[in-house]
Amino acid sequence: MSNAIESVLTERRRFPPPAEFAAAAHLGTWEGLLELEEEARKNPEAFWAARASELWWDHRWHTVLQWQAPDARWFVGGTTNVCVNCVDRHAASWRRNKAALLWEGEPGDTRVLTYGQLHREVQKTANALLALGVSSGDFVAIYLPMVPEAAIAMLACARIGAPHTVVFGGFSAEALADRLRDSRAKLVITADGGWRRGAVVPLKDNVDKAIVDTEVRNVLVVRRTNSAVVWDPKRDHWWHETVDRAAPIHRAHAHDSEHPLFSLYTSGTTGKPKGILHTTGGYLTGAAYSSRLVFDLRDEDVFWCTADIGWVTGHSYVVYGPLANGATVLMYEGAPNQPGPDRFWDIIDRWRVSVFYTAPTAIRAFMRWGDEWPARHDLSSLRLLGSVGEPINPEAWMWYRSRIGGDRCPIVDTWWQTETGSIMISPLPGATPTKPGSATRALPGYDIDVVRKDGTSCAPNEGGFLAIRRPWPSMLRTIYGDHERFTKTYFGEIAGMYFAGDGARRDEDGYFWIMGRVDDVINVAGHRLSTMEIESALVSHPKVAEAAVVGRPDDLKGQAIVAFVTPRSGVSADEALATELRAHVATQIGALARPEEIRFADALPKTRSGKIMRRLLREVASGSTTRGDTTTLEDQGVLERLAQSFAHED
Ligand code: WTA
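Analysis parameters
- Residues numbered from 1 in each chain as written.
- Predicted model: local features only at pLDDT ≥ 70, side-chain atom pairs only at ≥ 80, totals over all residues.
- Heavy atoms only, no water.
- Helix = DSSP H or I, 4+ residues; strand = E, 2+ residues; numbered from the N terminus.
- Rg over C-alpha atoms; globule rule 2.2 N^0.38 Å.
- Buried < 20%, exposed > 50% of the residue type's maximum accessible area, 1.4 Å probe, protein only.
- Areas by Shrake-Rupley, 256 points an atom, 1.4 Å probe, with all protein chains shown as cover.
- Lys, Arg positive; Asp, Glu negative; His and termini not counted.
- Charge placed at Lys NZ, Arg CZ, Asp CG, Glu CD.
- Phe/Tyr/Trp six-rings, centres within 6.5 Å; stacked < 30°, edge-to-face > 60°.
- Lys NZ or Arg CZ within 6 Å of the ring centre and 35° of its normal.
- Near = heavy atom within 4 Å.
- Polar contact = N/O pair within 3.5 Å; in protein donor to acceptor, adjacent residues only side chain to side chain.
- Salt bridge = Lys/Arg side-chain N within 4 Å of Asp/Glu carboxyl O.
- Contact = heavy atoms within 4.5 Å.
- Expected span 1.5 Å × (residues − 1).
- Pairing = 2+ DSSP bridges.
- Axes fitted to C-alpha atoms, helices over the stretch in contact; angles between N-to-C directions.
- Core = buried A, V, L, I, M, F, W, Y, C linked by side-chain atoms within 4.5 Å.
- Domains from an automatic or database assignment.

A. The overall build of the protein chain, seen in detail. In terms of helices and strands, the protein chain carries 21 helices and 30 strands. In summary, the protein chain has a C-alpha radius of gyration of 24 Å against a globular reference of 26 Å for 650 residues, a match within 12%. Projected onto its principal axes, the C-alpha positions of the protein chain cover 65 × 60 × 55 Å. Taking all 650 residues of the protein chain together, the buried fraction comes to 64%. Accessible area for the protein chain stands at about 23600 Å²; split by element, carbon and sulfur atoms hold 51% of it. Charge centroids of the protein chain, computed over 73 positive and 81 negative side chains, lie 2 Å from each other.

The structure is reproduced here in structure tokens:
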């Protein structure tokens, strides 16, 4: 049977929520879900006020929402502190001696921090940051591996009102430098190195290179790998000296609900990544509400989200969302196949993980590595599985359900973005019947639709643009330093609505099927990259005259990067040059952006107005391979047509 036909057959399967699950879930029934949706529809502001009331506030807001498109202010006049909500309140309760963080390093070392201990650590870190001259409103950059200090640093920043900007440890020194300059960070928190597949990622070296010509005055360094680092005693400070010596008491002040909490850089359609800015009260409301509902978090759970804190998923579902709910979070530093392809299953087995949240690209890799690896471990502690980051193909969904979930665990396929701050579309585990490959319905409170370019709703099964009609608490507030780009990108495409950049359709049951990006953003192994950003990196190489980058469907990564390059005259286009260019992209952006394939061409196909015809290149790039099974053939065609009607297209 061809992949496409098999996909269609699997898509038609339906899975009712398991009854024993429904009985205990936070939102246990389909009727309950419809009721909550109705409550939100009737009075959205009262609905969100009730959700925000589950958090601690120093001063209650006077106005739930001020909305003057595209500018939203939520819980206006309210003051709170994100760190107090995630830590202090639990440390002051029976949860004081409950595990907040269960941590495992790649080499196998472990640490456990209770809420009481986490409280002590965030207070010391807050004092250390203040002593290093950080004040409320200053950006702090965090460039750390997945160690407990990463979560502690984020929480300490939130505590003192210094917005953080976390930079994924896989980004190069160049990419880090761009983000440091754009955010004007004064302090960087990093480590001597991080472990990845048994090797050390030289984080401190990258920081040393990146901070030239930036406003960074101090660097706080966690000792992790014991590797040799260059040390500037005027600027560099060891975490184990500075933080460990700091006073363990820090009185937290409340911040305005709209005080910036963090910015996180993400790829858009241009060469320059944008700093997505999130604020305090609304963001935490969305992260806490979605964590509780979608993951049905309970006190006895061990929740493991495999995302790195360098991505938004790591912000909302490793740190803020679960901790706001007083949950126990597992954090793992390294690669999924170190030392063997069963590392994740071994972790689940040993720590008795009950809720597991990962990306389709990882699931497809596990499928490929073989069923024997999960079969070696006792996965009976699992009760719920999640997926995020890209469309999950029905085959991977079915494999996940049977081989990992033992046909017992519901799967929540969650759609959201860096910009939305928290999960927007997802089944609720005790309530929503699922269909493999569909993210199902919007969470109560969100008004999401699939529309045509003119903003009218699409008919059932008609492909269109995913759009959000009303503001929501955890929405981005701006692109840091470029409000005009924010307005244009998100509210300039479809009148009166937030435009997500994704193509989608809704089926006859109103379920959402996300088809992928319609702009020049590509999704490689769950990582969001801009084709223009990779093109800029390529043309910055002295041997390159011109470059065009497209994504082609890939069975494992969802999309693979294909670069068409015209070398400068006199340069020979050979394998050595391809290798050199791949390495160049890795230094400019990071290994995650390295093209899978480089094709040399004498010239690139262009329109009369001189624009590169990407559509044609996409066809050429995918022509030589079979289409990936990530979406059905039909979806691919629709997406292509949507992309063509999109304003930024050729
Ligand atoms: C894609 C990650 C299909 C989508 C949280 C979106 C998905 C982009 C899903 C955001 C899903 C995320 N099904 N596609 N469940 N989740 N996406 O900002 O294209 O890194 O626009 O946020 O990932 O990526 P970002």
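Text resumes after the structure shown.
B. Inspection of the packing of aromatic side chains at higher detail. For the structure on display, the rule yields 39 aromatic pairs. Measuring from ring centre to ring centre gives 5.0 Å for Phe-47 and Trp-48, while their planes differ by 80 degrees; the resulting arrangement is edge-to-face. Classification of Phe-47 as buried rests on a relative accessible area of 1%. A centroid spacing of 5.9 Å and a plane angle of 85 degrees characterise the contact between Tyr-317 and Tyr-357, whose relative ring orientation is edge-to-face. On the criterion of sequence distance, the pair formed by Tyr-317 in helix α12 (residues 312–324) and Tyr-357 in strand β18 (residues 355–358) is long-range, its members being 40 residues apart. As far as burial versus exposure is concerned, Tyr-317 and Tyr-357 are alike and both buried. An aromatic cluster of three or more residues is present, and its members are Trp-304, Tyr-332, Phe-344, Trp-345, Phe-356, Phe-366, Trp-369 and Tyr-400. Over the ring of Tyr-511 we find Lys-435; its NZ or CZ atom is 4.6 Å from the centre of that ring.

C. Structural view of the site of the ligand. The immediate surroundings of the ligand are formed by 17 residues, with Asp-413, Thr-414, Thr-418, Asp-502 and Arg-528 found nearest. The backbone of Gly-389 places a nitrogen or oxygen atom 3.1 Å from a nitrogen atom of the ligand. Between Arg-528 and the ligand, the recorded distance is 2.6 Å, taken from a side-chain N or O atom to an oxygen atom. Relative to its unbound accessible area of 530 Å², the ligand is 95% covered by the protein chains.

D. Representation of the pattern of salt bridges in the model. Counted by the stated rule, this structure contains 48 salt bridges. We note a salt bridge from Arg-41 to Glu-38, for which the minimum N-O separation is 3.1 Å. Note that Arg-41 and Glu-38 are positioned in helix α3 (residues 30–42) at a spacing of three residues, about one turn of the helix. In this structure Arg-41 comes out as exposed when scored by relative accessible area, which is 57%. Look at the salt bridges and you will find they share partners, linking Arg-14, Lys-435, Asp-507 and Asp-509 into a network.

E. Layout of helix α4 (residues 44–52). Those residues of α4 that fall on the buried side of the exposure criterion are Pro-44, Phe-47, Trp-48, Ala-49, Arg-51 and Ala-52. In this structure, the buried side of α4 is in contact with α3, β1 (63–68), β2 (71–76) and α11 (281–294).

F. Seen up close, helix α19 (residues 575–588). Helix length check: α19 (14 residues) gives 20 Å between terminal C-alpha atoms against 20 Å at 1.5 Å per residue, within 8%. When we look at burial in α19, the residues that qualify are Leu-577, Ala-578, Leu-581, His-584, Val-585 and Ala-586. Packing partners of the buried residues in α19 comprise α18 (531–539), β28 (544–554), β29 (558–567) and β30 (597–600). Two residues or fewer after α19 comes Gly-590, characterised by a positive phi angle close to 150 degrees.

G. Local environment of the sheet that holds strand β19 (residues 384–388). Spatially, β5-β4-β17-β16-β18-β19-β20 is the arrangement adopted by the seven strands of the open sheet, whose pairing is mixed. One side of each edge strand has no neighbouring strand; the edge strands of this open sheet are β5 (110–114) and β20 (411–414). Pairs of neighbouring strands in the sheet enclose a mean axial angle of 20 degrees, with direction left out of account. The sheet contact formed by β18 and β19 spans four bridges and is parallel. Counted as the bridge partner of Phe-356 is Leu-385 from β19. Seen against the sheet, helix α6 (residues 115–131) touches β4 (99–104) and β5 and runs at an angle of roughly 90 degrees to β5. Helix α7 (residues 148–160) rests against β4, β5 and β17 (328–332) of the sheet, and its axis sits at about 30 degrees to β5.

H. Fine view of the sheet that holds β30. Taken in spatial order, the three strands make up an open sheet running β28-β29-β30, and their pairing is mixed. Taken across any chain shown, the strands that pair with only one partner, and hence form the sheet edges, are β28 and β30. Here the average twist between neighbouring strands, direction ignored, is 25 degrees. Note: β28 against β29, 10 bridges, orientation antiparallel. Looking at the pairing, Glu-546 lines up with Thr-566 of β29.

I. Main features of the nonpolar core. Of all hydrophobic cores here, the largest spans 159 residues; its most connected members are Leu-118, Leu-155, Ile-189, Phe-295, Tyr-320, Leu-466 and Ile-534. For this core, the element with the most residues is α7, which contributes 10 residues. Both domain 1 (82–335 + 414–446) and domain 2 (525–649) contribute no fewer than three residues apiece to this core. In this view, Leu-118 contacts Val-87, Ala-100, Leu-101, Leu-113, Ile-152, Leu-155 and Leu-323; residues no more than four positions away in its chain are not counted. Membership of the second largest hydrophobic core comes to 30 residues, among which are Leu-330, Ile-347, Val-353 and Trp-373.

J. Highlighting the side chain of His-237. Along the chain, His-237 falls in strand β12 (residues 236–238). Reaching out from His-237, the side chain makes a polar contact with the side chain of Asn-218 at a distance of 2.8 Å. If we ignore the near neighbours within four places in the chain, the residues touching His-237 are Leu-132, Asn-218, Val-219, Leu-220, Val-221, Trp-231 and Thr-242.

K. Summary view of the pairing of strand β26 (residues 521–524). With burial as the criterion, each face of β26 is covered, one bearing Val-521 and Asn-523 and the other bearing Ile-522 and Val-524. Note that β26 and strand β27 (residues 527–530) share four bridges and pair antiparallel. Opposite Val-524, over in β27, you have His-527 as the bridge partner. The hairpin formed by β26 and β27 contains two residues between the paired strands, and Ala-525 there has a positive phi angle of roughly 50 degrees.

Functional significance is not addressed by these values, which are geometric in nature.
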